Amino acid sequence: MSTSALSAAGETAQSTRPTRTPVFERRLAKRYRDERNFRLLGLAAVSFSLGVLVFLLGNMLINGIGGFQRAELTVTIDFPESGVTGDAVSLTAPSAAQTLEMQGLPDVVAFYAEQQLGAEAAAELSIDGWRDVSAALADDPTLIERSATFELAASSALAAGMQGEGPPEMQALAKRLVDEGKLARNWDWGFLSRSDATSPQAVGIWGALKGTMLTMLVTLVLAFPIGVLSALYLEEYAPRNRWTDLIEVSISNLAAVPSIIFGLLGLSIFLAIFPNLRSAPLIGGMTLALMTMPVIVISGRNAIKAVPPSIRDGALAIGASPVQVVFHHVLPLAMPGMLTGTIIGMARALGETAPLLLIGMRAFVATPPDGFTSPATVLPMQIFLWSDEIDRGFVERTSAAIIVLLVFLLAMNGLAIYLRNKFEKRW
Amino acid sequence: MTVIHPNMADETAKIRAHDVCVYYGDKMAVDDVSIDISPKYVTAFIGPSGCGKSTFLRCFNRMNDTIGTAKVTGLIELDGEDIHGDRMDVVQLRARVGMVFQKPNPFPKSIYENIAYGPRIHGFAEKKADLDVVVERSLTRAGLWDEVKDRLDDSGTALSGGQQQRLCIARAIAVDPEVILMDEPASALDPIATAKIEELIDELSGRYAIVIVTHSMQQAARVSQRTAFFHLGKMVEYGPTSEIFTNPIEDRTKDYITGRYG
C-alpha cells in the first residue's frame with residue numbers, strides 16, 4: 001500500500017518536470033525536423049554545384065576532344081623517284097627545312113597530292129603541309145630512301161566540309177575523299193607542340209602554355225617570398241600602431257582591387273621602366289605578382305596567428321633568438337596555411353586576362369617564347385583570342401585550349417596540395 | 001608589508017630581486033617584491049589565482065618582454081649581474097635560466113629533435129655523436145630515457161601528458177642552465193604523472209636552483225625547502241617551507257594555509 005502510493009507520487013513528480021511534458025516533446029520533434037531540413041538543403045546545394053561542375057567539365061570535354069584532332073589527307077611520296085635527296089646529317093640540321101624547300105619539296109608534295117587525290121582535293125591541302133613532311137624526315141632520315149605515306153593537314157574549308165558545314169561542293173568533296181579513305185580526322189599531337197597560327201588546322205597551344213609557365217614562375221618567385229616575408233614581419237616584428245593598422249587595411253583593400261587596375265599599374269610603371277619588354281612574361285609575371293601578393297600576405301598572417309603561442313614561448317625559453325623562433329618553429333607550422341593562400345592566389349593569377357591585355361600580352365605570337373623577355377601570350381589570353389576568330393575550326397580548338405588550361409590548373413593545385421600535406425604537422 | 005623569516009638573507013643567492021614591480025598597462029600585477037633565491041634549494045611561490053606569482057617568475061628570464069604591454073621596474077640580479085643591464089644578453093639569460101610551462105609544449109618535432117634543438121642553436125654540440133650524448137644524458141636526468149629510447153624519432157607530441165612535461169624538463173636541462181623556473185608544471189597532469197614530476201624536481205635540486213610556482217600547497221610542502229606566499233601582487237611572507245606551513249607569522253598566510261580562502 002505504502003509502496004504503491006510512493007510510486008504514484010513519483011510519477012506525478014516526474015510528469016511535471018519540464019523535460020517530460022508534451023510541449024517539450026513537440027519542441028524536440030521540431031528541432032529534429034529543422035536539423036533534417038537543414039541537412040537536405042545543404043545536400044541540395046552541394047549536389048547543385050557538383051551538377052554544374054560535371055556539366056561544365058563534360059561539355060568542355062565533349063567539345064574539346066575534337067580540338068585535339070584535325071582533318072588530314074593521306075599522301076604517299078616516293079622520294080627516290082622525286083629527286084629530293086639528303087642524308088642523316090643534312091635532314092636533321094636546323095636548316096633542313098630550307099634545304100628541302102630549295103630542292104623543291106613543296107612542289108613535290110603538291111605533285112603527288114594532285115596525282116593521288118585529284119586537282120580539286122590537292123588545292124585543299126594546307127600550304128604548309130610540306131613542313132610536316134620535312135619534320136617527319138628529320139625524325140627518321142631513312143624515309144628519304146624509300147616511298148613513304150604522310151598524313152597532311154587539310155585546309156580549314158575542307159575540315160569544315162567534312163563536318164557538314166560550308167559550301168555544298170566542299171561537303172561533297174570531303175564526302176568523296178572520306179569514302180575513298182584519303183581524308184580522316186586523326187589525333188593531332190602536334191597541337192601540344194605548335195604555337196598560334198592563322199589557320200585552325202595549324203594552331204597549337206605550346207606557345208601559350210610555355211608563356212603561362214614562364215609568367216607563373218615569375219609570379220611565384222616574386223609574390224611568394226615577398227608575401228611570406230611581409231606576413232612574418234607584420235605578424236612577428238612590427239609594432240601595433242596606427243601605421244601598421246594602415247598597412248593592414250591597405251593590404252586587405254589591395255586584395256580586392258579589380259585586376260584591370262593592376263594591369264594599368266603594370267603598364268604605367270613596369271612598361272615605363274622597361275619599354276622594350278612589351279608582351280614579355282617577365283612584365284606579365286611582375287604585374288600578376290602585385291595581384292597575388294596581398295592574398296598570400298593575408299592568408300599567411302592568419303596561418304601565423306594560428307601557431308600556438310606556447311610553441312613560441314617554449315623556443316624563447318631555451319634561448320632561441322626571435323629570428324630562430326620564426327624560422328625554426330613559426331614558419332614550418334604556418335607553411336601549410338601559407339601554401340593554401342598561395343594556391344588560391346596563383347589559381348586566380350593563372351586565369352587572369354584583364355591585366356595582361358593592358359601590357360600587350362594579347363599579341364599574335366607564332367613562336368613559343370624562348371625566355372622571360374621574349375614576346376609571349378598566356379593560356380587564358382589564347383582562349384580569348386581564339387574565341388574571337390571567325391573561322392569555325394577555332395571553336396573546337398578553343399575548347400581544347402580550355403582543357404589544357406584546366407589540366408594545368410589541376411596539376412598546379414595538385415602539386416601545392418601535395419606540398420601542403422607534406423609540411424602539415426600536428427601539435 | 002612583507003614578513004621575511006630570520007636567516008633568509010643569503011650571501012650566495014643565485015637570484016636577487018630588489019623592489020620589483022610589474023605593470024600590465026596601468027594595472028600593477030607585482031607590487032614591490034624583494035627576494036633572495038638560494039642556489040641550494042627548491043623555492044616555491046604559492047598564493048591564490050591572480051596574485052602575481054607567475055608574472056613574478058617570468059621576470060627572472062625576461063619572458064615578460066614578449067608581452068607588449070608589460071613593464072618591469074626594479075632590479076633583478078643573476079649572480080650579482082643586472083639581468084636588464086647592457087652586459088646581459090636576453091638570449092644568453094634564457095639559456096642560463098630555463099623554464100618549464102604550465103601546459104606541456106613540446107615542439108612538433110621528434111623527441112630527439114626536441115632535446116637537441118637547444119644545444120644545437122647554442123653551438124654546445126654540433127656533431128651527431130656529441131648530440132647523442134646530450135640527448136641521452138638529458139632524457140636520463142628527466143627520467144624519460146627508458147620510456148623513449150626505442151622511439152626517439154617519434155613526434156614529441158605523441159607522448160602522454162606527463163611524458164611530454166618530462167620531455168620539456170629534459171629540453172630545459174639539455175642546455176645545462178643554472179636555474180630552472182617551473183610555472184605550475186604539474187597542474188595539467190594526473191596524480192601519478194604529478195608524483196613523477198615531483199620526484200624529478202627532488203632529484204634535480206642541488207644541481208640546479210629551482211623556482212616553482214604552484215597552486216597546490218601540498219606540492220609546495222613536498223618539494224620545496226623555501227616558500228614565498230603571494231597575495232594581491234605582494235609577497236606576504238617568505239621563509240623556510242616548514243616554518244611557513246607550521247608556524248606562519250602573518251595572519252593572511254595562516255588563513256591561506258588553513259584553507260580559509262584561495
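Residues numbered from 1 in each chain as written. Chains lettered and ligands numbered in written order. Predicted model: local features only at pLDDT ≥ 70, side-chain atom pairs only at ≥ 80, totals over all residues.

Draft legend 1. Summary view of the overall build of chain B. A tally of helices and strands in chain B yields 10 helices and 11 strands. In terms of principal-axis extent, the alpha carbons of chain B reach across some 55 × 45 × 35 Å. A total of 262 residues make up chain B; the buried ones form 47% of that total. Here the contacts in chain B between residues at least 6 apart in sequence split such that 69% fall between residues at least 24 apart. (Helix = DSSP H or I, 4+ residues; strand = E, 2+ residues; numbered from the N terminus. Buried ≥ 20, exposed ≤ 12 C-beta atoms within 10 Å, placed from the backbone. Contact = placed C-beta atoms within 7 Å.)

Draft legend 2. Seen up close, the sheet that holds strand β6 (residues 81-82) of chain B. All names here are of chain B. Spatially, β3-β2-β5-β6 is the arrangement adopted by the four strands of the open sheet, whose pairing is antiparallel. Strand pairing shows two members of the sheet lacking a second neighbour, β3 (27-37) and β6, which therefore form its edges. Pairing between strand β5 (residues 70-78) and β6: two bridges, direction antiparallel. Following the sheet pairing, E77 is matched in β6 by D82. (Pairing = 2+ DSSP bridges.)

Draft legend 3. Structural detail: the interface of chain A and chain B. Chain A puts 17 residues into the contact, and the matching count from chain B is 21 residues. Broken down by secondary-structure element, the contributors of at least two residues to the side of chain A that touches chain B are α15 (309-317) and α16 (322-350) of chain A. Element by element, the count of residues in the side of chain A that touches chain B is highest for α15(A), at six residues. Across the side of chain A that touches chain B, the residue classes tally to seven nonpolar, six polar and four charged. (Nonpolar A, V, L, I, M, F, W, Y, C, P; charged D, E, K, R; others polar.)

Draft legend 4. Focus on the domain arrangement of chain A. Residues and elements named next belong to chain A. For chain A, the assigned domains are domain 1 (66-187) and domain 2 (206-423). Measuring from the centre of the C-alpha atoms in domain 1 to the corresponding centre in domain 2 gives 44 Å. With seven residues of domain 1 at the contact, the number on the domain 2 side is seven residues. Looking at side-chain class alone, the side of domain 1 that touches domain 2 contains three nonpolar, three polar and one charged residues. (Domains from an automatic or database assignment.)

Draft legend 5. Representation of the environment of A:A256 within the structure. On the secondary structure map, A:A256 appears in helix α12 (residues 242-256). As a C-alpha pair, A:A256 and A:V295 span 39 residues in sequence and 9.2 Å in three-dimensional space.

Draft legend 6. Main features of helix α6 (residues 105-117) of chain A. Residues and elements named next belong to chain A. For α6, with 13 residues, the first-to-last C-alpha span of 18 Å sits near the 18 Å given by 1.5 Å per residue. Residues of α6 that are buried include every one of L105, V108, V109, Y112, A113 and L117, and no others. Seen from one end, α6 has its buried residues packed into an arc of 130°, which puts them on one side. Its buried side turned inward, α6 meets β1 (69-78), α3 (79-82), α5 (96-102), α7 (119-122), α8 (129-139) and α10 (168-179). The positive-phi residue at the C-terminal boundary of α6 is G118, with phi of around 95°. (Expected span 1.5 Å × (residues − 1). Arc of directions from axis to C-beta.)

Draft legend 7. Highlighting the packing of helix α11 (residues 206-237) of chain A against α16(A). All names here are of chain A. Close contact between α11 and α16 brings their axes to 10 Å; oriented N to C, the two are set at 140°. One finds that α11 runs oblique with respect to α16. At the point where α11 passes α16, the crossing takes the right-handed sense. In contact with T212, M216, T219, L220, A223, F224, V228, L232 and E236 of α11, α16 contributes V326, V330, L331, M338, T342, G345, M346, A349 and L350. Looking at the contact of α11 with α16, its residues break down into 13 nonpolar, four polar and one charged. (Axes fitted to C-alpha atoms, helices over the stretch in contact; angles between N-to-C directions. Parallel < 35°, antiparallel > 145°, perpendicular 65-115°, else oblique. Left-handed = near helix turned anticlockwise from the far one by under 90°.)

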